[in-house]
Every structure is written in C-alpha cells, then in structure tokens.
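Structure assessment
Below, each chain spelled out in residue letters.
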Amino acid sequence: MKKIVVLAISILLVFSMAPDTFALGSEGLNEDNLEQYSFGPQNISKNQLEFIKDKLLNYDVDEETADKLILKLKNGELWDSMNPKYRDLKPQIKKEHFEKTTYPDGSICVVTTSVPESYETMGSGTSHTDGSGIKYTEGYRVSKDLTVIGMEFTVDFEQDMPNRRARVTSIYDRNVWIIGGTYSNLDYGHHDGWRDKAGAWMSADFTAYQNVAASLGWIKIYVTGDNVWTDYQL
C-alpha cells in the first residue's frame, strides 16, 4: 500500500461546510450573520501567510484581492468560499479536468483532475475481455482545493466500452490537508470488480475554530464504460 501523505499547517481558520452537515457550536451564530462575524485577531506567522498568498496567486487571484483575503484571515473573518450562504454558487470556469469557482470576496474553489498516463488496447492480455476493446487509465488524479482545506487521491481504472461497464483497480497517493483545525475518521476505498458504475472515494470528519464548526467532507470518482466524473462535499 502506498504511503498516505498528511499535511496540517497550524493556522486557526474556519472552512467550507456542506449544506446538510454544517454545524456551529457558538450560540447565535448562523449563516445569516457569518459575514459580519469575526473570530478575533489570529496569530499567523509570516511564512504561513506567504504560503496562502502564493497559493492564491498561483490560481490567478490578483494581488490586491489576495491581500484583502489575507487581511480577513488575520482578522478572523470568514472567506465567502467557506460560507454556506454561497454553497449553491456554480463554477464560472468549467473545462475538461478543471473547474474554478470565484466568490464575491475573491476567494476560490478549484477542482482538478489529471491523467498522466492512459492507453488503449483491443483486449490484448486481458482474459476477462474476451477480445473486446478495453481502455486502461493509470494515474487519474482527483483534487479539490479551497486553499486552506483540500483532499486528493489517484486511481487506476479500466473501461469496457462495448459492454458498458468499468472497474477501479487501485486507489493511492492519498492526501488530506486543513490549515488550522483537525480531521479524523479518514476513510477511503473503491468498488471491487466490474460494474455498470464503478467508483472510488475518500472522506474525513473536519473540525475548525476550536470545534465551533464541523463537517463531513468527501470526494468521489465514478467510472462507466464511456464516462468519468467526480462529486464532492467539502
């Protein structure tokens, strides 16, 4: 089994919550007043702030907006990308293997997939295909990145297009990160054998702001004989 990589950087910050699992432990705090709420000044090192800013700039957030987001972070204010009020906002940029959602304050959510290596064969060396066409994909990377929280993993899968079925053969290079806060109950896996719709997944329970906020987060990949797509709650 390949090694699981875990990154946790100590910055106190609330994160994105999903519609039905968003929980707040502070009395009187709800999604209607989150935008006006501050958790107070945060003690964040220069290196940590530079890490976050560089990440924003790498995703084409302009420097002025990045500086404003950093200031909100230092003041303990919630980014719009982490406010359940905007949970239904759709990606403004959506291409093959890339989605980017930009929120009113300039914060972002980026979902990517990548395929380092794929190849096709007409059933050569595969006893289960009986000479049918099989597409093999190796190293398909799935990632969701909210800058301060994210999950990603890699899968290998096979698609039997003539018989409209697929199977996931492995999941590896798993990575979870939360900048400030903790996660627990990490789970991952994939369906066994050929299926009409095969899948792989990764999930964890996240908490932040000293357990003021909590959520179940997950990312999934689904594969059929002729299609591949992702789903997520993070």
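Residues numbered from 1 in each chain as written. Predicted model: local features only at pLDDT ≥ 70, side-chain atom pairs only at ≥ 80, totals over all residues. Heavy atoms only, no water.

**Structural notes on the pairing of strand β5 (residues 108-114)**
- A large share of β5 lies buried, amounting to five of its seven residues.
- Pairing geometry for strand β4 (residues 98-102) and β5, over five bridges, is antiparallel. When the sheet's bridge partners are listed, Phe-98 is paired in β5 with Thr-112. (Buried < 20%, exposed > 50% of the residue type's maximum accessible area, 1.4 Å probe, protein only. Helix = DSSP H or I, 4+ residues; strand = E, 2+ residues; numbered from the N terminus. Pairing = 2+ DSSP bridges.)

**A few points about helix α2 (residues 63-74)**
- With twelve residues, α2 should cover 16 Å at 1.5 Å per step; its first-to-last C-alpha distance of 16 Å lies within 8% of that length.
- Regarding α2, its N-cap is Asp-62, as a side-chain oxygen of that residue lies 3.2 Å from the backbone nitrogen of Glu-64 further along.
- Immediately downstream of α2, the backbone of Gly-76 shows phi near 75°, a positive value. (Expected span 1.5 Å × (residues − 1). Polar contact = N/O pair within 3.5 Å; in protein donor to acceptor, adjacent residues only side chain to side chain.)

**Topic: the nonpolar core**
- Counting residues in hydrophobic clusters, the biggest one holds 41 residues, and the most contacted among them are Leu-56, Trp-79, Phe-153, Val-155 and Ile-221.
- Breaking this core down by element, the ones donating at least two residues are α1 (46-58), α2, β5, β7 (134-145), β8 (149-160), β9 (165-179), β11 (198-208) and β12 (213-223).
- Looking at which element gives the most residues to this core, the answer is β9, with six residues.
- Ignoring sequence-local partners within four residues, the contact set of Leu-56 consists of Val-61, Ala-66, Leu-69, Trp-79, Ile-108 and Thr-147. (Core = buried A, V, L, I, M, F, W, Y, C linked by side-chain atoms within 4.5 Å. Contact = heavy atoms within 4.5 Å.)

**Observations regarding the confidence of the model for the chain**
- When the pLDDT values of the chain are averaged, the result is 77; 70% of them are 70 or greater.
- At the low end of the mean pLDDT range in the chain sits strand β1 (residues 5-9), at 30; at the high end sits β4, at 93.
- Ignoring residues within four places in sequence, the model shows residues 1-27, a span with pLDDT below 50, making 84 contacts including any to other chains. (pLDDT = per-residue confidence, 0-100.)

**As for the side chain of Thr-113**
- By secondary structure assignment, the location of Thr-113 is in strand β5.
- On the basis of relative accessibility, which here comes to 11%, the residue Thr-113 falls in the buried class.
- Side-chain polar atoms of Thr-113 contact the side chain of His-97, separated by 2.8 Å.
- At a separation of 3.5 Å, a polar atom in the side chain of Thr-113 contacts the side chain of Tyr-140.
- Apart from the residues within four sequence positions on either side, Thr-113 is in contact with His-97, Tyr-140, Arg-141, Val-142 and Thr-230.

**Description of the packing of α1 against α2**
- Close contact between α1 and α2 brings their axes to 10 Å; oriented N to C, the two are set at 145°. Along this stretch, α1 crosses α2, giving a crossing that reads as right-handed. In this structure, α1 uses Leu-49, Ile-52, Lys-53, Leu-56 and Leu-57 to contact α2, whose residues at the interface are Glu-63, Ala-66, Asp-67, Leu-69, Ile-70, Leu-73 and Lys-74. (Axes fitted to C-alpha atoms, helices over the stretch in contact; angles between N-to-C directions. Left-handed = near helix turned anticlockwise from the far one by under 90°.)

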